[in-house]
Amino acid sequence: MSSSREAILGRIRSALADVPGTEDSTDIAVDWVYGQRPEGAADDMLGLFVERVEDYRAVVDRITSDELAGRIADVLAEHEVNSVVIPAGAPEQWREAVAGRGITVLSDDPVLSHRELDATGGVVTASRVGIAETGTIVLDHDADQGRRALSLVPDLHVCVIGSDQVVSDVPEAVARLQASIDSRQPLTWISGPSATSDIELNRVEGVHGPRTLHVLLVDAG
Amino acid sequence: MTAEPTETVADHGVPAVHERRTPAPPPVTLIGMPKFPKNAKKELGNAQLRSNLRHATTTIRNKRARVVQELPHWEQLRLAGEAIKNRTLRHLDDYLIQLEESLTANGAIVHWANDADEANQIVIDITRSKGVDEVVKVKSMATQEIDLNEALEEAGIAAWETDLAELIVQLGHDRPSHILVPAIHRNRSEVREIFLEEMGRYGTPPPEGLTDDPAMLAGAARVHLRDKFMRAKVAVSGANFAIAETGTLVVVESEGNGRMCLTLPETLISIVGIEKTLPTFADLEVFMQLLPRSSTAERMNPYTSMWSGVREGDGPQEVHVVLVDNGRTKVLADEVGRQALRCIRCSACLNICPVYERVGGHAYGSVYPGPIGAILTPQLRGTASEVDKSLPYASSLCGACFEVCPVRINIPEVLVHLRNKVVEENPGPSLQNIGMKAGGWLMGKGSRFGMAGKGAEAFGTVWPGSKIGPLPIPGWAAGWTGARDMKKPATETFRDWWKKREKTAGRGDQEGQA
């Protein structure tokens, strides 16, 4: 394969014969200031975030941190979930509140098989960043969010985000996520529940990912 | 790729050469396709196709216009996208080496493939080394381009498409007709029929009482594929972006089938065109704004996965990345044509194109249809075949594709450039050359031009009616005039009218203020 490598690099170099040898990649100006909040960004960022997440037909509750554990348990009970996976790094109060309702709590330790995960009714995770403009939540799969399969296979995803984690738009989010990328954590950007528009461009929620996304936005104050 | 056919004897005594694992695509190979006008004429006769397409493209381009308007800095984003891609392409060798280093440091195994055969062989070898005979696939243009599924099939490996539209295409023994929505040419009742007919043969059958409700059809796909996801050991994906600085690959999707493939199997093989490279993670802030709004016309697509090689205890523990050329360096060598490599496969140019809307994707004879296909395919494959030679002409040069392109590929400019190339590569007297020479002689001298005008005036005076329709002449001209109505020449030439006007004092001022 190394011969293919040399052949491809060789062809690239001869294809770029018109590029002066003295040219540096940064000589090609990119007229863009990275990581900025766009001009005219909404003042009510949290309001916009809620509106945009709801646009994808996800459910958003704005609650206080005192209400959080109880609300998690309520949501799972409302969906009549029998078992739920809550990653090992999530707050202990979440687990206690849910277990208190008679719902089986799994913590993926030992690691759940795909089939076990598929038989689990829901998942509760924290998250890393929320993007108001696009209604997106990004997971970096830290200990309070668990490995990627956890928030994928169960049909209900209850996702917790703090109001101080919500930023204006994609550039600010990318800047905040740089640290996660630098430590080579995987990222999952989630904008509403799983959806498809493959049949006559009709949007249908729920194909392979969780068909229900319930977001709990916790006021940091 | 040595296929070991299963020898079975059919009822009629003829040995069936190969027992397929997956549904067979239509028999016509793309390379052997007739040229674009012939394909176009055939597709234009399909009223259902035209109606499906018109509905779909109209819907999505209106939606795109709305979400693009939401961003006042859209033009700055396009300019930044163009500049970042240019920066990468002009220093592609450096960025690819950096990408290889980062990926390797992250625990990924990097392969390089000159062409489709090499890329396919790499996938076959890895899959066989895992002792499995099936893979699950994330929708990927690169794997379509190299015809991976058929190469795997010949090697006795089943490739299961998991994107809903790709599933419809695969089960329908069909070919994709759109970059983003490959089954755009199918309506819901056709999808239902395909599912009822084929799903059960290749896995979990559709539920009882399947209707043509899109939600129910999507539900059938969920159930059909779930078992395949659960048992899959090897997945194959493409990548929308590959970040040189951090060795991060990005897959942008909607359904979660991508996440399933990227997360559940033990081994992941990603086929990445060399032009997918981006310098830094920060560059994604530009492309994650440009791509979703341009492609699915959403503020953001439902799911995007980013992974940097192997993550212990999370996802595939063996990660391969195959960097594919397959003609891309040829495109890069053309100073005008290389801008086509900026393409991020959003398909906005397909949805806005009046030609695509009428003929659909199959007429282009390539996995890359529409305006971008018309400039990318002849550059990737060369212009030896009839269909490839005709592709640069599959456009009215209206320029709408350039206006919507998120990375500002000047498609009309490249089309004209490629037309020129096709003509130069195919020398000999053409009607166009003869016509141009005749025109040059005629206009070379004022008196000759004046005479020609007089001739046309005489013709216009005697010709009945106001239009010239089909002419009773043999050969090509009959076909040309048969499809067009031309206004007959004026009964007075401009030169004569001008002379008269000069003589009529005073009238000129009034006329000049119309």
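Being a predicted model, the structure only gives us computed values, none of them experimental. (Residues numbered from 1 in each chain as written. Chains lettered and ligands numbered in written order. Predicted model: local features only at pLDDT ≥ 70, side-chain atom pairs only at ≥ 80, totals over all residues.)

Participant: Where do I start with the overall build of chain B in this structure?
Facilitator: Along the backbone of chain B there are 24 helices and 14 strands. Counting every position in chain B, which comprises 514 residues, the buried fraction comes to 48%. A sequence separation of at least 24 residues applies to 75% of the contacts in chain B between residues at least 6 apart. (Helix = DSSP H or I, 4+ residues; strand = E, 2+ residues; numbered from the N terminus. Buried ≥ 20, exposed ≤ 12 C-beta atoms within 10 Å, placed from the backbone. Contact = placed C-beta atoms within 7 Å.)

Participant: Just checking my understanding: could you explain the overall build of chain A for this structure?
Facilitator: A count of helical and extended segments in chain A gives 6 helices and 12 strands. Computed over C-alpha atoms, the radius of gyration of chain A comes to 21 Å, more than 25% over the 17 Å expected from 2.2 N^0.38 for 221 residues, which places it beyond the range of a compact globule. Viewed in the frame of its principal axes, chain A has a C-alpha envelope of about 70 × 45 × 40 Å. Here chain A holds 221 residues, and 47% of them are scored as buried. Long-range pairs, those at least 24 residues apart, make up 71% of the contacts in chain A between residues at least 6 apart in sequence. (Rg over C-alpha atoms; globule rule 2.2 N^0.38 Å.)

Participant: Looking at this model, I keep getting lost on the confidence of the model for chain B. Mind explaining?
Facilitator: Should the pLDDT be low somewhere, the predicted coordinates at that spot are not to be read in detail. Residues and elements named next belong to chain B. Here chain B shows a mean pLDDT of 88. Residues at 70 or above account for 89%. Scored below 50 in pLDDT, residues 1–16 makes 20 contacts in the model with residues more than four places away or belonging to other chains. Confidence drops under a pLDDT of 50 for residues 508–514, and excluding neighbours within four residues, the segment shows 1 contact in the predicted structure. Both confidence scores are given for the complex: pTM 0.88, ipTM 0.97. (pLDDT = per-residue confidence, 0-100.)

Participant: Honestly, unusual backbone geometry in this entry has me stumped. Any pointers?
Facilitator: A negative phi angle is the norm for most residues apart from glycine, just as the trans form is the norm for most peptide bonds. Residues D109 of chain A and P110 of chain A are joined by a peptide bond in cis, for which omega reads 5°. Relative to the helices and strands, P110 of chain A is located in the loop between β3 (104–106) and α5 (114–118). Positive phi, close to 60°, is recorded for A297 of chain B, a residue that is not glycine. Considering the arrangement of structural elements, one finds A297 of chain B in the loop between α12 (284–295) and β11 (303–307).

Participant: Quick question: what am I supposed to make of the domain arrangement of chain B here?
Facilitator: By a widely used convention, the size of an interface equals the accessible area lost when the partners come together. Here chain B is partitioned into domain 1 (81–328) and domain 2 (441–502). Each of domain 1 of chain B and domain 2 of chain B has a C-alpha centre, and these two points are 57 Å apart. (Domains from an automatic or database assignment.)

Participant: What's the story with the sheet that holds strand β12 (residues 212–219) of chain A in this structure? I'm lost.
Facilitator: For sheets, the rule is that strands pair by backbone hydrogen bonds, running either parallel or antiparallel. All names here are of chain A. A sheet is described by the order of its strands in space; here 6 strands give the open sequence β1-β12-β7-β4-β2-β3, paired in parallel fashion. Across the chains shown, the open sheet's two edge strands, defined by having one partner strand only, are β1 (59–64) and β3. The sheet shows a mean angle of 20° between the axes of neighbouring strands, taken without regard to direction. The pairing of strand β7 (residues 156–162) with β12 spans 7 bridges and is parallel. The partner of V160 across the bridge, within β12, is L216. Sheet contacts for helix α2 (residues 45–55): β1 and β12; angle to β1, the most-contacted strand, approximately 150°. Where helix α3 (residues 68–78) meets the sheet, its contacts fall on β1, β2 (83–85), β4 (122–125), β7 and β12, and the angle it forms with β12 comes to roughly 165°. (Pairing = 2+ DSSP bridges. Axes fitted to C-alpha atoms, helices over the stretch in contact; angles between N-to-C directions.)

Participant: Got a minute to help me understand the nonpolar core in this structure?
Facilitator: In a soluble, globular protein the nonpolar side chains are often hidden away together inside. I72 of chain A together with A235, V322, L323, V324 and C349 of chain B are the most contacted members of the largest nonpolar core, which totals 193 residues. Once residues within four sequence positions are removed from consideration, I72 of chain A is found in contact with W94, A97, V98, V124, V158 and L216 of chain A. (Core = buried A, V, L, I, M, F, W, Y, C linked by C-beta atoms within 7 Å.)

Participant: Hey, could you run me through the interface of chain B and chain A in this one?
Facilitator: Contacts between the two partners involve 79 residues from chain B and, on the opposite side, 62 residues from chain A. For the side of chain B that touches chain A, the per-class residue count stands at 38 nonpolar, 26 polar and 15 charged. Bridge count between strand β9 (residues 187–190) of chain A and β11 of chain B: 4 bridges; the pairing is antiparallel. Pairing of L187 of chain A across the sheet is with M306 of chain B, part of β11 of chain B. (Nonpolar A, V, L, I, M, F, W, Y, C, P; charged D, E, K, R; others polar.)

Participant: Honestly, helix α16 (residues 370–381) of chain B in this entry has me stumped. Any pointers?
Facilitator: Given 3.6 residues per helical turn, the α-helix brings residues three or four places apart onto the same face. Residue and element names in this part refer to chain B. With 12 residues, α16 extends 16 Å from end C-alpha to end C-alpha; this agrees with the ideal 16 Å at 1.5 Å per step. Most of α16 is tucked away: 12 of the 12 residues are buried. For α16, the complete set of buried residues consists of G370, P371, I372, G373, A374, I375, L376, T377, P378, Q379, L380 and R381. (Expected span 1.5 Å × (residues − 1).)

Participant: Is there a simple way to think about the pairing of β11 of chain B in this case?
Facilitator: Residue and element names in this part refer to chain B. In terms of burial, β11 is largely enclosed, as 5 of its 5 residues are buried. Taken together, the 5 bridges between strand β8 (residues 248–253) and β11 define a ladder with antiparallel strand orientation. Following the sheet pairing, E253 is matched in β11 by Y303.

Participant: What should I look at first to understand the sheet that holds strand β6 (residues 234–237) of chain B in this one?
Facilitator: Residue and element names in this part refer to chain B. Across the sheet, 6 strands lie side by side as β3-β12-β9-β6-β4-β5; this open sheet has parallel pairing. Looking at the sheet topology across the chains shown, the edges are occupied by β3 (109–113) and β5 (158–161). Averaged over neighbouring strand pairs, the angle between their axes works out to 25° when direction is ignored. Relative to strand β12 (residues 318–324), strand β9 (residues 267–273) runs parallel, the two sharing 7 bridges.

Participant: What am I meant to see in the environment of E101 of chain B here?
Facilitator: With respect to the secondary-structure elements, E101 of chain B resides in helix α4 (residues 92–105). Here the alpha-carbon distance between E101 of chain B and D283 of chain B, two residues 182 residues apart in the chain, equals 19 Å.

Participant: Got a minute to help me understand helix α3 (residues 74–90) of chain B in this structure?
Facilitator: Residue and element names in this part refer to chain B. Over its 17 residues, α3 runs 24 Å from end to end, which matches the ideal 24 Å to within 8%, given 1.5 Å per residue. In terms of residue burial, α3 counts as a mostly covered element, since 12 of its 17 residues are buried. Residues L77, R78, A80, G81, E82, I84, K85, N86, R87, T88, L89 and R90 constitute the buried set of α3.

Participant: How should I be thinking about the packing of helix α6 (residues 170–182) of chain A against α12 of chain B in this particular structure?
Facilitator: When two helices pack together, their arrangement is captured by the angle between the axes and the distance separating the axes. Between α6 of chain A and α12 of chain B, whose axes approach to 9 Å, the crossing angle comes to 140°. By the angle between their directions, the pair α6 of chain A and α12 of chain B is classed as oblique. As for the relative orientation of α6 of chain A and α12 of chain B, their crossing is right-handed in sense. Judged by residue contacts, V170, P171 and V174 of chain A of α6 of chain A engage L284, E285, M288 and Q289 of chain B from α12 of chain B. Here the residues of the contact of α6 of chain A with α12 of chain B are counted per class, giving 5 nonpolar, 1 polar and 1 charged. (Parallel < 35°, antiparallel > 145°, perpendicular 65-115°, else oblique. Left-handed = near helix turned anticlockwise from the far one by under 90°.)

Participant: When you look at the environment of V132 of chain B in this model, what are you seeing that I'm missing?
Facilitator: Residues and elements named next belong to chain B. Structurally, the position occupied by V132 is in the loop between α5 (116–129) and β4 (134–137). Taking the C-beta count within 10 Å as the criterion, V132 has 17 such neighbours and is therefore assigned partly exposed. Sequence separation between V132 and G156 is 24 residues; the distance between their C-alpha atoms is 10.0 Å. Setting aside anything within four residues of it in sequence, one finds V132 in contact with T127, K233 and V234.

Participant: Before we go on, may I ask you to explain the environment of P193 of chain A in this structure?
Facilitator: All names here are of chain A. In this structure, P193 sits in the loop between β9 and β10 (195–196). Between the C-alpha atoms of P193 and S25, which are 168 residues apart in sequence, the distance is 40 Å. Each residue touching P193, except ones within four places of it in the same chain, is listed here: Y56, R57, A58, E205, G206, G209, P210, R211, T212 and L213.

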